[in-house]
Amino acid sequence: MLYAIMCEDVDNSLPLRQAARPAHLQRIQQLVDDGRLLAAGPHPALDTEDPGSAGFTGSLIIAEFDSLEAATDWADSDPYVAAGVFRQVVVKPYKRVLP
């Protein structure tokens, strides 16, 4: 089943993100390699593709996992969590309807 992992950043998270980004992207790449990733990306703090030093306010990952528990465990093990990037992480089942 698909699960949405919705993450909200702490204030001024950009330096924390930058430090943990390589390890974070490596984990995301494993989802890609396994054919389990539907979408992933950050929420820019400004209404632009590149928010510069304003950074990001959170992230969204939609991926396939065996269960809510597995998705939550995966999310809790993210390098951004360990680095203190996220204030809150919410994991919910996701039903793709369109397209």
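Structure: above.
Let me sum up the structure you'll find in this document. What you are looking at is a predicted structure, and each value in this text was computed from that prediction instead of being measured.

## Observations concerning the layout of surface pockets
Here the largest pocket is characterised by a volume of approximately 260 Å³. As for the largest pocket, its lining consists of 14 residues, of which Arg 17, Arg 21, Leu 25, Pro 42 and Tyr 80 are closest to the centre. Among the secondary structure elements, those contributing two or more residues to the lining of the largest pocket are helix H1 (14–33), strand E2 (37–44) and strand E3 (56–64). The biggest single contributor to the lining of the largest pocket is H1, with 7 residues. Partitioning the lining of the largest pocket into residue classes produces 8 nonpolar, 4 polar and 2 charged.

## Regarding the environment of Val 81
In this fold, Val 81 is placed in helix H3 (residues 79–82). Overall, the relative accessible area of 32% leaves Val 81 in the partly exposed class. Distance in space between the C-alpha atoms of Val 81 and His 24 is 9.5 Å, their sequence separation being 57 residues. Ignoring sequence-local partners within four residues, the contact set of Val 81 consists of Ala 75, Asp 76, Phe 86 and Val 89.

## Examining the nonpolar core
For soluble globular proteins, nonpolar side chains are generally found buried alongside one another. Grouped together as the largest cluster of nonpolar side chains are 16 residues, with contacts concentrated most on Ile 5, Leu 31, Ile 61, Phe 65, Trp 74 and Val 91. Going through the elements one at a time, strand E1 (2–9), H1, E3, helix H2 (68–76) and strand E4 (86–94) are the ones with two or more residues in this core. Once residues lying within four places of it in the same chain are set aside, the contact partners of Val 91 are Tyr 3, Ala 4, Ile 5, Leu 68, Ala 71, Thr 72 and Ala 75.

## Quick look at H2
If you check which residues of H2 are buried, you get Ala 71, Trp 74 and Ala 75. The buried residues of H2 occupy an angular sector of 100° when projected down its axis, which confines them to one face. Here the buried face of H2 lies against E1, H1, E3, H3 and E4.

Rules and cut-offs
- Chains are numbered independently. Their residues run from 1 in the order of the written sequence.
- Reporting in this predicted model follows two pLDDT cut-offs: at least 70 for local features of residues, and 80 or more for side-chain atom pairs to be given and counted; totals over whole chains, interfaces and linings ignore these cut-offs and use all residues.
- Side-chain figures throughout are based on the complete set of non-hydrogen atoms in the structure, without hydrogens or water.
- The definitions used throughout rest on a 1 Å grid laid over the protein atoms alone, on which a cavity is an enclosed set of points accommodating a 1.4 Å probe that cannot get out and a pocket is an open set flanked by protein within 12 Å on both sides along at least five of seven lines; lining residues are those having an atom within 4 Å of a point.
- Grid points are joined across faces, edges and corners, and a volume is the space filled by probe spheres set on the points.
- Numbered from the N terminus, helices here are DSSP runs of H or I no shorter than four residues, and strands are runs of E no shorter than two.
- Gly counts as polar in this scheme, as do all residues outside two lists: the nonpolar Ala, Val, Leu, Ile, Met, Phe, Trp, Tyr, Cys and Pro, and the charged Asp, Glu, Lys and Arg.
- Throughout, exposure labels follow a simple rule: accessible area from a 1.4 Å probe, protein chains only, divided by the maximum for the residue type, with under 20% read as buried, over 50% as exposed, and the rest as partly exposed.
- Working rule for contacts: check all heavy atoms of both residues, and any pair within 4.5 Å makes them a contact.
- Throughout this description, the term nonpolar core refers to a set of buried Ala, Val, Leu, Ile, Met, Phe, Trp, Tyr and Cys residues connected via side-chain atoms within 4.5 Å.
- The directions from the helix axis to the C-beta atoms are what the arc is built from.

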